[in-house]
Amino acid sequence: MNKISRILIIAALLTMVIFPAFAGKGANSLTIAGSTTVLPIAQSCAEAYMNAHPEADISVRGGGSSVGIANIIAGTVDIGDASRHAKTKEIVQARAQGVNLVENVVANDAIAVIVNPSNSVSALTIDQVKGIYSGSISNWKDLGGESQPIVIVSRDVSSGTFEVFNEKVMGGTQVVDSALMLASNNAVATTIKDTPGAIGYVGIGYLGNNVKGVTINGVMPSKETVLNKKYPIARTLHMYTNGRPRGMAKKYIDFVLSPAGQKLVEDNGFIGLN
Amino acid sequence: MRKRVIFLVLIIMLVSIASAETKLSMELWNRWTYKIVDGADDASTNGFSFNRGYFRLEPVFSGNIKGRFNLDFFSREDSEVEIGEETDSISNEGAGLKIKYAYLDFSNYLWKDATFTFGLMKTYFGTIYSSEYETIDKDPADKYKFSASTDYGFGISGYLPQGFGTYNVAVYNGEGYKKTGGNIDTNMAYLLNLRIVPVVGLEVGGSYVMDKVYNEDADDDKEINKMAGVARFTMLPNLDLRAQYLTRTEKLGDSEKTVNAISIMPMINLADLTNIDMELVLRYDMYDDDADLDDDVEGSGAYDTMIAGVNYFMMRDSKNAPKLWVQANYSMKNYKYEEKDDESEMLVQLRWKFSGVID
């Protein structure tokens, strides 16, 4: 190796170490990605914010909670939406990569267990739901309904909704192989609507006229039962940032947390923080 | 070859049937290599190769049990040859196969966030288990033969509270994934590995391996102790600075030999600065094959390697992991013994990766 080559390499090495790296994003632009559960909140708040602030440029996309947190760690989004808490693995990975994951709670939610409106069953217990999803209960007649096979619909294993359901209902027990694993709340609700013997679970914001929510341990998911902690499959919804929100991310999250933003949360069927 | 293919097909069928969900992925490396020794008129190597590829199955049996099966394949007989190492050809000897991973993870059975792993698994030494081949050259622990990237054994991995780090404890054969059955020494290797992230953007830690290998000539066990110290600094935006110190001591009777290596690797991400998804990588390695021998005398195998590289990412997946990218590296190998000619090498590599899930 000649001396000039060596000097050039060392100079380049030093330049890289002391090089001040500046980010060049626009001050009014904001990128959000992640949970499909949080997606309607993020979208409606983005639209309302941009209507009030025409200079703002907010892009929102889904992908799932894992995608939201992975993108915050990678630095490719400003806000990562998640319907679960960050895992220890993600926290360690973020810290090692210089990212301080800060969880901003923006709403409350319940995971509602839903069935087709034609189904006569209206009440289940956590143990019964676990029995259905683990395969030990396979016909509605065993639960007081008509004799028809249960069609199990679940979220894909990378979704935050699945993680919370798995923790609070399944306790780590495997979901039966025959379950349909769908990629979004919307896909689950649509499948339940179209399949008479089906059971699924969605964020409370996706409860509507086309599907029927059932009580769990005698409690129907609602604002009241979530806030008083009586409904057993409740959770908080989050917008993760790298460090405390700053700039455009802070303005946007402040808006989500404002009375106007919290009204949008409730308009979308979720439960506000207060 | 036919038996291997049948074996692979059987594995795929069994895994797909038995698991709730299986992720399939493949990654392939197409490479051009140009190597020249200082003072030579012609290149000693100038050619294309399919340097490495793998087919990976990751079955998820339940929320707590998952596995990984990795079949590596390559078109070069000498695909394991190091940069700068003498090789007489890059001729295509046909496809080679080797099993790189075959393990099961059992999570949260022992305690929260702890994973018990059994099978042909990662070796948690230095940075060999977390390397993403940021340079085309291998991780220093692998390159300088401190450790094989995978080995047969079992171990426990987990996280320190509050995300302050990770730990690994493992027992291995100690001889890497290439040796099995009657070829392996009966002594086990014991590994401890710890990473601490005391503050956001700073990671420090180390690994220790204690091993013994029976030496037939001496009719005694050779004691092998390996240590790695690692540090990673990511506090400045877009800069990722990694450093590693490796040492291996081999003791047989009264004789003792120590091998050392140091590697420093800064990387700068240009995406924010230029809107081009690209990173610059520099790596400086110092390798001393015998710490008790002067580096500049005949017989010394000590050398430095400088690598300057660019990684250009053409496509990424939804989690920002690269799917299609080009790596270009220029490396210079400088022997400490002045009479030995230095070597330069240019490598350009196209890597592409794809995956899917079967339910």
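Residues numbered from 1 in each chain as written. Chains lettered and ligands numbered in written order. Predicted model: local features only at pLDDT ≥ 70, side-chain atom pairs only at ≥ 80, totals over all residues. Heavy atoms only, no water.

Caption draft 1: Spotlight on the overall build of chain A. Looking only at helices and strands, chain A has ten helices and eleven strands in total. Seen along its three principal axes, the alpha-carbon backbone of chain A occupies a region of about 85 × 50 × 30 Å. With 274 residues in all, chain A has 52% of them scored as buried. The long-range fraction of contacts in chain A, counting pairs at least 24 apart against all pairs at least 6 apart in sequence, stands at 74%. Distance between charge centroids for chain A: 9 Å, based on 23 positive and 20 negative side chains. (Helix = DSSP H or I, 4+ residues; strand = E, 2+ residues; numbered from the N terminus. Buried < 20%, exposed > 50% of the residue type's maximum accessible area, 1.4 Å probe, protein only. Contact = heavy atoms within 4.5 Å. Lys, Arg positive; Asp, Glu negative; His and termini not counted. Charge placed at Lys NZ, Arg CZ, Asp CG, Glu CD.)

Caption draft 2: Focus on the domain arrangement of chain A. All names here are of chain A. Each assigned domain of chain A is listed with its residue range as follows: domain 1 (27–108 + 235–267) and domain 2 (109–234). Put simply, the middle of domain 1 and the middle of domain 2, counted by C-alpha atoms, are 27 Å apart. Listed by partner, the interface residues are 13 residues for domain 1 and 18 residues for domain 2. Three residues, Thr36, Asn108 and Arg235, lead the burial of domain 1 against domain 2; their summed loss comes to 53% of the area buried on that side. The interface formed by domain 1 and domain 2 includes three salt bridges. We note a salt bridge from Lys87 to Glu163, for which the minimum N-O separation is 2.7 Å. On inspection of domain 1 and its partner domain 2, the count reaches eight residue pairs in polar contact (both at pLDDT 80 or more). Looking at the side of domain 1 that touches domain 2, its residues break down into three nonpolar, six polar and four charged. (Domains from an automatic or database assignment. Buried area = accessible area lost by both parts, 1.4 Å probe. Salt bridge = Lys/Arg side-chain N within 4 Å of Asp/Glu carboxyl O. Polar contact = N/O pair within 3.5 Å; in protein donor to acceptor, adjacent residues only side chain to side chain. Nonpolar A, V, L, I, M, F, W, Y, C, P; charged D, E, K, R; others polar.)

Caption draft 3: Summary view of the packing of helix α9 (residues 247–257) of chain A against helix α10 (residues 259–267) of chain A. Residue and element names in this part refer to chain A. Following both chains from N to C, one finds α9 and α10 inclined at 65°, their axes separated by 4 Å at the closest point. Counting all contacts with α9, which are made through Phe255, Val256 and Leu257, the residues of α10 involved are Pro259, Ala260, Gly261, Gln262 and Leu264. Residues of the contact of α9 with α10, tallied by class, amount to six nonpolar, two polar and no charged. (Axes fitted to C-alpha atoms, helices over the stretch in contact; angles between N-to-C directions.)

Caption draft 4: Looking closely at the pairing of strand β16 (residues 343–358) of chain B. Residue and element names in this part refer to chain B. Pairing geometry for strand β1 (residues 21–37) and β16, over 16 bridges, is antiparallel. Each bridged residue has a counterpart across the sheet, and for Trp29 the counterpart in β16 is Arg351. Of the strand pairs in this sheet, strand β15 (residues 322–335) and β16 are connected by ten bridges, and their pairing is antiparallel. Residue pairing across strands places Gln327 opposite Gln349, the latter belonging to β16. (Pairing = 2+ DSSP bridges.)

Caption draft 5: The arrangement of the packing of aromatic side chains in detail. Residue and element names in this part refer to chain B. For the structure shown, the criterion picks out 18 aromatic pairs over all chains. Ring centres 5.9 Å apart and planes at 85° place the aromatic pair Tyr101 and Tyr103 in the edge-to-face group. Accessibility assignment for this pair places Tyr101 and Tyr103 in one class, buried. An aromatic cluster of three or more residues is present, and its members are Phe106, Tyr109, Phe116 and Phe154. Taking the ring centre of Tyr303 as reference, the NZ or CZ of Lys333 above it sits at 4.2 Å. (Phe/Tyr/Trp six-rings, centres within 6.5 Å; stacked < 30°, edge-to-face > 60°. Lys NZ or Arg CZ within 6 Å of the ring centre and 35° of its normal.)

Caption draft 6: The side chain of Thr305 of chain B, seen in detail. With respect to the helices and strands, the residue Thr305 of chain B is situated in strand β14 (residues 303–316). Other than its neighbours up to four places away in sequence, Thr305 of chain B contacts Lys143, Tyr144, Arg283, Tyr284, Asp285, Ser331, Met332 and Lys333 of chain B.

Caption draft 7: The arrangement of the pattern of salt bridges in detail. With the rule as written, the count across this model stands at 22 salt bridges over all chains. A salt bridge links Glu266 of chain A to Lys223 of chain A, with the shortest nitrogen-to-oxygen separation between them at 3.1 Å. Residue Glu266 of chain A is found in helix α10, and its partner Lys223 of chain A is found in helix α8 (residues 223–227); the two are separated by 43 residues along the sequence. Under the relative-accessibility criterion, Glu266 of chain A is labelled partly exposed at 31%. The partly exposed category is assigned to Lys223 of chain A, whose relative accessible area is 37%. One salt bridge connects Arg316 of chain B with Asp277 of chain B, and the closest N-O pair in it is separated by 2.5 Å. Of the two residues, Arg316 of chain B sits in strand β14 while Asp277 of chain B sits in the loop between α3 (271–274) and β13 (278–288), which places them 39 residues apart along the sequence. A relative accessible area of 26% means that Arg316 of chain B is categorised as partly exposed. Residue classification places Asp277 of chain B among the partly exposed residues on the basis of a relative accessible area of 22%. Overlapping salt bridges, with partners in common, bring together Glu134, Arg232, Asp240 and Arg242 of chain B in one network.

Caption draft 8: Examining the packing of helix α2 (residues 39–52) of chain A against α10 of chain A more closely. Residue and element names in this part refer to chain A. Two elements in contact, α2 and α10, have axes whose closest approach is 9 Å; the angle formed by their N-to-C orientations is 140°. One element, α2, and the other, α10, form an angle in the oblique class. By crossing handedness, the relation of α2 to α10 is classed as right-handed. Of the residues in α10, those in contact with Ile41, Ser44, Cys45 and Ala48 of α2 are Gly261, Leu264 and Val265. (Parallel < 35°, antiparallel > 145°, perpendicular 65-115°, else oblique. Left-handed = near helix turned anticlockwise from the far one by under 90°.)

Caption draft 9: Quick peek at the nonpolar core. Grouped together as the largest cluster of nonpolar side chains are 67 residues, with contacts concentrated most on Leu124, Ile132, Tyr133, Ile199, Ile216, Met239 and Tyr252 of chain A. No other element matches the eight residues that strand β4 (residues 101–115) of chain A contributes to this core. Inspection of this core shows a minimum of three residues originating in each of domain 1 (27–108 + 235–267) and domain 2 (109–234) of chain A. Formed by 22 residues, the second largest nonpolar core is a distinct cluster that contains Tyr124, Phe146, Tyr287 and Tyr335 of chain B. (Core = buried A, V, L, I, M, F, W, Y, C linked by side-chain atoms within 4.5 Å.)

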